[in-house]
Amino acid sequence: MDKEMKIQATSTAPRYGMLIDLRKCIGCRTCQVACKAENDVPLGVYRTWVKEVEKGSYPEVRRHFIPVVCNQCDEPACTRVCPVEATYSLDNGIVVIDPHRCIGCGYCMAACPYAVRFIHPTRGVAEKCDWCWPRVRSGQEAPACATGCTTGAIVFGDLNDPGSEISRLLATVPNAVLKPETGNQPRTYYLALDDEAARAVEHGHGG
Amino acid sequence: MDMTVLDTVSHGHAFGFSIAIYFYLTGLSAGSFIISTLAYGFGFEKYKPLGKVGVVIATLLLVAAPMFLLLHSGRPLRAWHLFVYLNATSPISWGSFLLTIYPINCVIYGWFMFTGNAKLTKTFGLIGIPLALMVHGYTGFILSFAKAHVLWRTSMMPILFLTSALVSGVAMMILVTIIKDKFFSEEGKINEELIFGLGKMLLWLLVFDLFLSLSDVGVHYFGERESMETARLFLTGAFAPLFLGVETLMGKVIPLVFVSVPATRRVTVYGFAAVLVMIGIFTMRCNVVLGGEFIPLL
């Protein structure tokens, strides 16, 4: 938050952030479907998806739904390693990919700790969630996932505007990000995030 | 507490088999180039028979290696972007130039060697050594800078890659000497002094390589959560047969015994050891590249 506060003092340009209130998420995957439709995402790959983890055993059990989007990091690992600078951060913080410049080497995929990047099956270039930047730029409110969310769990907004819903929630409700130790400074925040569930990976791997 | 991942998305490996092959070929190239310069750059007369064949192999391998990069790339026809749009913090960007300059230097060095210009051969041989080290060392940095994967994000990668490059290069030179002397020389007599000289080199390189790779896994074993998981993957998990069995035991320990025990000081045994080492290092490339990405991130 410190960093955002400082930026706010010097500029009024928007600096986007996303907050996902997991207390409201019911795991319906409307975000996943809306994203597919909005961004023409082909079969087998996803710009956003809902990670589903079951924790505990009956009757003391709970299902955790963790929608995953690109974190649009302040210190992205992906942009640093791209050999052709095809992926870069916009001034508003969104990390985008130039599909005409990308050579599809996969290095950004290898560097991203959140595994949100993929190689488009037919175009052969890297793709990922960009918080629907074309949609946001054209003035159409929020990204498709946030607009579609049935319970209003996904809040998209300007972190530089202290009056925005996202700024208010971040300031007043305890929140967390995924894998803060990477130093990537992600800007997708979660309320009521279960760190253990978020870090759980599929069994059968890792010995 | 019981934890079951019911659903998540995995987009598969960023790097794959062709990248492992690419690393293997650049390693062999760098290794054989350095052996080639022992006689022509540093004046070790014993290794003179390997000078010419070494530079030819180094050049050919380095021409073949980038083909696997094109094979891996989603848009191979955009390879020219690498020379037009640069990113100083991306090792792949450094590599575009190393992969261009190094084979050119190899050709110039080889040209002077074949035309008998000893002075210029030495000059270009010595220029080639840092280039050979960089052209393979940079591949280690490619993995080191991919911070998502705990096996890769360590400063061990470049030195480990350079060492295994020399190991596989020397092993290949043992095989090349045997094949060259046996089938392509007039008298068909194998230069034993050369084989045993290379064997001695192989011995110390294997010791160093074992030290590095076991330190790496050892430190991971005592590290944080992701490190421990990775160490377990290689010590008891899915990659254990490849890492412990093929790479370490078959590819390093057994050849090490063969080239260090006086009883096995025979050309055939050294040749066999060299084959084992080459298989072992190829397995090592696969283990590092495929094993590094094996554990899902999310």
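Calculation criteria
For every chain, the first residue of the written sequence is number 1, and numbering continues from 1 onward in sequence order. A letter from A marks each chain and a number from 1 marks each ligand, given out in the order of writing. Totals for whole chains, interfaces and linings use all residues, but because this is a predicted model, local features are given only for residues with pLDDT of at least 70 and pairs of side-chain atoms are given and counted only at 80 or more. Computation of side-chain values covers all heavy atoms of the structure but excludes hydrogens and water. Each helix corresponds to a stretch of at least 4 residues labelled H or I by DSSP, and each strand to a stretch of at least 2 residues labelled E; elements are numbered beginning at the N terminus. Partly exposed describes any residue whose relative accessible area lies between the buried limit of under 20% and the exposed limit of over 50%, with all areas from a 1.4 Å probe on protein chains only and scaled to the type maximum. Any pair of residues with heavy atoms lying within 4.5 Å of one another is described as a contacting pair. Under the convention used here, a 1.4 Å probe and the Shrake-Rupley method define accessible areas, while residue burial counts only the protein chains that appear. Nine residue types can take part in a nonpolar core, namely buried Ala, Val, Leu, Ile, Met, Phe, Trp, Tyr and Cys, and a core is a set of them joined through side-chain atoms within 4.5 Å. Joining two parts hides part of their accessible area as seen by a 1.4 Å probe, and the buried area is that hidden amount summed over both. Here a salt bridge means any side-chain nitrogen of Lys or Arg lying within 4 Å of a carboxyl oxygen belonging to Asp or Glu. Polar contacts, as counted here, are pairs of nitrogen or oxygen atoms within 3.5 Å of one another; within protein the pair requires one atom able to donate a hydrogen and one able to accept it, and residues that are adjacent in sequence qualify only if both atoms are side-chain atoms. Polar here means any residue outside two lists: the nonpolar Ala, Val, Leu, Ile, Met, Phe, Trp, Tyr, Cys and Pro, and the charged Asp, Glu, Lys and Arg; Gly therefore counts as polar. Pairing between strands requires that DSSP locate at least two bridges from one strand to the other. By definition, pLDDT measures how confident the predictor is in each residue, and it falls between 0 and 100. The span expected for a helix works out to 1.5 Å for each residue beyond the first. In this analysis the local bend is the angle between axes fitted, respectively, to the seven residues ending at and the seven residues starting at the residue. As a rule, the C-alpha atoms of each element are fitted with a line to give its axis, helices using only the stretch in contact, and angles between N-to-C directions run from 0 to 180 degrees. Whether a crossing is left-handed or right-handed is set by the direction in which the near helix is turned from the far one by less than a right angle, anticlockwise for left-handed and clockwise for right-handed.

(A) Looking closely at the overall build of chain B. On a plain count of helices and strands, chain B comes out with ten helices and one strand. Starting at the N terminus and ending at the C terminus, chain B contains elements arranged as β-α-α-α-α-α-α-α-α-α-α. Per-residue burial for chain B yields a buried fraction of 56% across its 298 residues. At a minimum sequence separation of 6, the contacts of chain B that also span at least 24 residues come to 77%. Surface accessibility of chain B: about 12,700 Å² in total, with carbon and sulfur atoms responsible for 73%.

(B) Quick look at the nonpolar core. Counting 107 residues, the largest nonpolar core has Tyr107 of chain A together with Phe15, Tyr102, Leu198 and Leu202 of chain B as the members making the most contacts within it. Among the elements that line this core, the one with the most residues is helix 1 (residues 17-40) of chain B, at 15 residues. Setting aside chain neighbours within four positions, we find tyrosine 107 of chain A in contact with Val81 of chain A together with Phe15, Ser90, Pro91, Ile92, Phe141, Ile142, Leu143, Phe145 and Ala146 of chain B. Counting 42 residues, the second-largest nonpolar core is a separate cluster that includes Val69, Val96, Leu193 and Ala198 of chain A.

(C) Examining the interface of chain B and chain A more closely. Contacts between chain B and chain A engage 49 residues on the former and 61 residues on the latter. Approximately 4,500 Å² of surface area, both sides summed, lies buried where chain B meets chain A, with 60% of it carried by carbon and sulfur atoms. Counting the surface chain B buries against chain A, the share from its top three residues, Met3, His11 and Leu298 of chain B, is 18%. Across the chain B-chain A interface, the total number found is one salt bridge. As a salt-bridge pair, aspartate 7 of chain B and arginine 29 of chain A come within 3.0 Å of each other at their nearest N and O atoms. The interface formed by chain B and chain A includes 28 residue pairs in polar contact (both at pLDDT 80 or more). At the level of secondary structure, the elements contributing two or more residues to the side of chain B that touches chain A comprise strand 1 (3-7), helix 3 (81-84), helix 4 (91-115), helix 5 (118-145) and helix 8 (225-235) of chain B. Classifying every residue of the side of chain B that touches chain A gives 25 nonpolar, 15 polar and nine charged. With four bridges joining them, strand 2 (residues 49-57) of chain A and strand 1 of chain B adopt antiparallel strand pairing. Across the sheet, glutamate 52 of chain A pairs through a bridge with aspartate 7 of chain B, a residue of strand 1 of chain B.

(D) Highlighting the confidence of the model for chain B. All names here are of chain B. Looking at chain B as a whole, its pLDDT mean stands at 95, while 100% of the residues score no less than 70. By mean pLDDT, the top-scoring element of chain B is helix 9 (residues 240-260) (98), and the lowest-scoring one is strand 1 (93). What the predictor reports for the complex is a pTM of 0.93 with an ipTM of 0.93.

(E) Looking closely at helix 9 of chain B. Residue and element names in this part refer to chain B. Given a rise of 1.5 Å per residue, 21 residues ought to cover 30 Å, yet the end C-alpha atoms of helix 9 are separated by just 26 Å, more than 12% below that figure. Maximal helix bending in helix 9 amounts to about 45 degrees, located at leucine 249. Along helix 9, the positions that sit buried rather than exposed are Ala240, Phe243, Glu247, Thr248, Gly251, Lys252, Pro255, Leu256, Phe258 and Val259. Tucked inside the fold, the buried residues of helix 9 contact helix 7 (192-221), helix 8 and helix 10 (267-292).

(F) Region of interest: the sheet that holds strand 3 (residues 60-68) of chain A. Spatial strand order, 3(A)-2(A)-1(B): three strands in an open sheet with antiparallel pairing. The open sheet has two edge strands with one neighbour each: strand 3 of chain A together with strand 1 of chain B. With strand direction ignored, the average angle separating the axes of adjacent strands in the sheet is 25 degrees. Where strand 2 of chain A lies against strand 3 of chain A, nine bridges are found, and the strand directions are antiparallel. Looking at the pairing, tryptophan 49 of chain A lines up with valine 68 of chain A of strand 3 of chain A.

(G) A look at the packing of helix 6 (residues 156-183) of chain B against helix 10 of chain B. Residues and elements named next belong to chain B. At a closest axis distance of 9 Å, the pairing of helix 6 and helix 10 adopts a crossing angle of 145 degrees. Considering the relative orientation of helix 6 and helix 10, their crossing is left-handed. Residues Met157, Leu160, Phe161, Ser164, Ala165, Val167, Ser168, Ala171, Met172, Ile174, Leu175 and Ile178 of helix 6 form the contact with helix 10, whose own contacting residues are Val267, Tyr270, Gly271, Ala274, Val275, Val277, Met278, Ile281, Met284, Arg285 and Val288. In the contact of helix 6 with helix 10, the residues fall into 19 nonpolar, three polar and one charged.

(H) Spotlight on the pattern of salt bridges. Residues and elements named next belong to chain A. Per the stated rule, a full pass over the model turns up 22 salt bridges over all chains. When the shortest N-O distance is used, the salt bridge between glutamate 127 and arginine 47 registers 3.1 Å. Here glutamate 127 is found in strand 7 (residues 126-127), whereas its partner arginine 47 is found in the loop between helix 2 (30-39) and strand 2, with 80 residues between them in sequence. Exposure class is identical for glutamate 127 and arginine 47. Each is buried. Between aspartate 195 and arginine 199 there is a salt bridge, with its nearest N and O atoms 2.9 Å apart. Placement of the pair is aspartate 195 and arginine 199 together in helix 8 (residues 195-199), with a separation of four residues, close to one helical turn. The class for aspartate 195 is partly exposed, based on a relative accessible area of 38%.

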